[in-house]
Amino acid sequence: MSTSVSRRHCLVRCAALGVAGPASWLALPGTAHAGGQLEEPLVDSVRTALSSAVANQAPPEPEFFTTEARLHYLRWLGTMSDRLRRRKPDWEVRRDFLQTVWYEAKRAGLDVSLVLGLIQVESAFRKYAVSSVGARGYMQVMPFWTRVIGDGDPGKLFHMQTNLRFGCVILRHYIERERGDLFMALGRYNGSRGKSPYPDAVFGAQRNWVFPPPLQTAELRSNG
């Protein structure tokens, strides 16, 4: 199943199931809906690659080749900030959060709107959310990941960039495992692979965060 087919399939299911529109999604209660990623054996090469991917903790610092690309990013930031205002009233908190989401999503090769949709469903944008199975933070990362590919300190999953870095790297890992099938990858992220409610919910929430694509590709500065 291709990525595009999977996404279209989920959006059709959302409409058929009566998934609420953007305004009602933003008004959902602040509950954590994570099912929790399942710990699976990793070959050494994969573990090393994932460890390397989460190791660099340089602060997000977007750079752009053109003025147009930078202006597009600033328009995106302003639009997303307005949409997130009810969840995060403080402008500086919203700016830092959105800039970090943008950076980590781009760094992992993910659609930013998909990551924001996942965060909305997983944690309702709550930094200190904890699910019934122990998943933590914005992207509801299971603590075992810090032992498998991190330094073993699960407390760091409440640090904004660390949580977003882990979440984006893990989601990219699952997408690669599922050969680009977003429907199956999202199910794996949630611990409900092959079942439709969670991917349907994320794709429905993603529609709140869609923004026209840039004319130029933004570049990211990274120290490693």
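Values in this document were obtained by computation on a predicted structure and should not be read as measured data. (Residues numbered from 1 in each chain as written. Predicted model: local features only at pLDDT ≥ 70, side-chain atom pairs only at ≥ 80, totals over all residues. Heavy atoms only, no water.)

Take the overall build of the chain next. Each helix and strand counted, the chain has 10 helices and 2 strands in total. Walking the chain from its N terminus toward its C terminus, one meets helices and strands in the order α-α-α-β-α-α-α-α-α-α-α-β. In the chain, 68% of the contacts between residues at least 6 apart in sequence involve partners at least 24 apart. Carbon together with sulfur atoms contributes 55% to the accessible area of the chain, which is approximately 10,600 Å² in total. (Helix = DSSP H or I, 4+ residues; strand = E, 2+ residues; numbered from the N terminus. Contact = heavy atoms within 4.5 Å. Areas by Shrake-Rupley, 256 points an atom, 1.4 Å probe, with all protein chains shown as cover.)

All right, on to unusual backbone geometry then. Even without being glycine, Phe125 reaches a positive phi, approximately 65°. Secondary-structure assignment places Phe125 in the loop between helix H6 (112-123) and helix H7 (144-149). The class of Phe125 is buried, set by a relative accessible area of 3%. A positive phi is found at Arg179, a non-glycine position, where the angle reads about 55°. Summarising the element assignment, Arg179 is placed in the loop between helix H8 (160-177) and helix H9 (182-190). Given a relative accessible area of 78%, Arg179 falls into the exposed group. (Buried < 20%, exposed > 50% of the residue type's maximum accessible area, 1.4 Å probe, protein only.)

What follows concerns the nonpolar core. Ranked by size, the top nonpolar core spans 54 residues in total, and within it Trp76, Phe97, Leu116, Ile119, Met139, Trp145 and Tyr189 carry the most contacts. Mapped by element, the contributors of at least two residues to this core are helix H3 (44-55), helix H4 (67-84), helix H5 (91-107), H6, H7, H8, H9 and helix H10 (197-206). Here the element with the most residues in this core is H8; it accounts for 9 residues. Filtering out sequence-adjacent residues up to four positions away, Trp145 remains in contact with Gln37, Leu42, Leu50, Gly150, Phe166, Ile170, His173 and Tyr174. (Core = buried A, V, L, I, M, F, W, Y, C linked by side-chain atoms within 4.5 Å.)

At a closest axis distance of 9 Å, the pairing of H5 and H6 adopts a crossing angle of 120°. Here H5 lies oblique to H6, going by the angle between them. As H5 runs across H6, the sense of the crossing is right-handed. Packed against H5, whose contacting residues are Phe97, Leu98, Val101, Trp102, Ala105 and Lys106, the element H6 presents Val112, Val115, Leu116 and Ile119 at the interface. Partitioning the contact of H5 with H6 into residue classes produces 9 nonpolar, no polar and 1 charged. (Axes fitted to C-alpha atoms, helices over the stretch in contact; angles between N-to-C directions. Parallel < 35°, antiparallel > 145°, perpendicular 65-115°, else oblique. Left-handed = near helix turned anticlockwise from the far one by under 90°. Nonpolar A, V, L, I, M, F, W, Y, C, P; charged D, E, K, R; others polar.)

Of the residues in the chain, 79% reach a pLDDT of 70 or more, and the chain-wide mean stands at 83. Of all helices and strands in the chain, the one with the weakest mean pLDDT is helix H2 (residues 22-26) (39), whereas H6 scores best (97). A low-confidence stretch, residues 1-32 stays under pLDDT 50, and its non-local contacts, those more than four residues away or across chains, total 65 contacts. (pLDDT = per-residue confidence, 0-100.)

Between its first and last C-alpha, H4 extends 25 Å over 18 residues, near the 26 Å set by a 1.5 Å rise per residue. Every buried residue of H4 is accounted for by Ala69, His72, Tyr73, Trp76, Leu77, Met80, Ser81 and Leu84. Check the buried side of H4 and you find it contacts strand E1 (62-64), H5 and H6. (Expected span 1.5 Å × (residues − 1).)

In this section: the packing of aromatic side chains. In this structure the tally under the stated criterion is 11 aromatic pairs. Where Tyr73 meets Trp102, the ring centres are 4.8 Å apart and the plane angle is 65°; that geometry is what we call edge-to-face. Note that Tyr73 is positioned in helix H4 and Trp102 in helix H5, a separation of 29 residues in sequence. What links up through ring pairs into an aromatic cluster is the set Phe64, Tyr73, Trp76 and Trp102. Above the plane of the ring of Phe97 lies Lys88, whose end atom (NZ or CZ) is 5.1 Å from the centre. (Phe/Tyr/Trp six-rings, centres within 6.5 Å; stacked < 30°, edge-to-face > 60°. Lys NZ or Arg CZ within 6 Å of the ring centre and 35° of its normal.)

Further remarks concern the pattern of salt bridges. Enumeration according to the criterion identifies 7 salt bridges in this entry. Asp44 is the salt-bridge partner of Arg47, the closest N and O atoms lying 3.0 Å from each other. Linking Arg47 with Asp44, this pair stays in helix H3, spanning 3 residues, or about one helical turn. When its relative accessible area of 59% is taken as the criterion, Asp44 is described as exposed. Among the ionic pairs, Asp151 bridges to Lys156, the shortest N-O distance being 2.3 Å. Residue Lys156 is classed as partly exposed on the basis of its relative accessible area, which comes to 38%. A network of salt bridges, in which partner residues are shared, links Glu178, Arg188 and Arg193. (Salt bridge = Lys/Arg side-chain N within 4 Å of Asp/Glu carboxyl O.)

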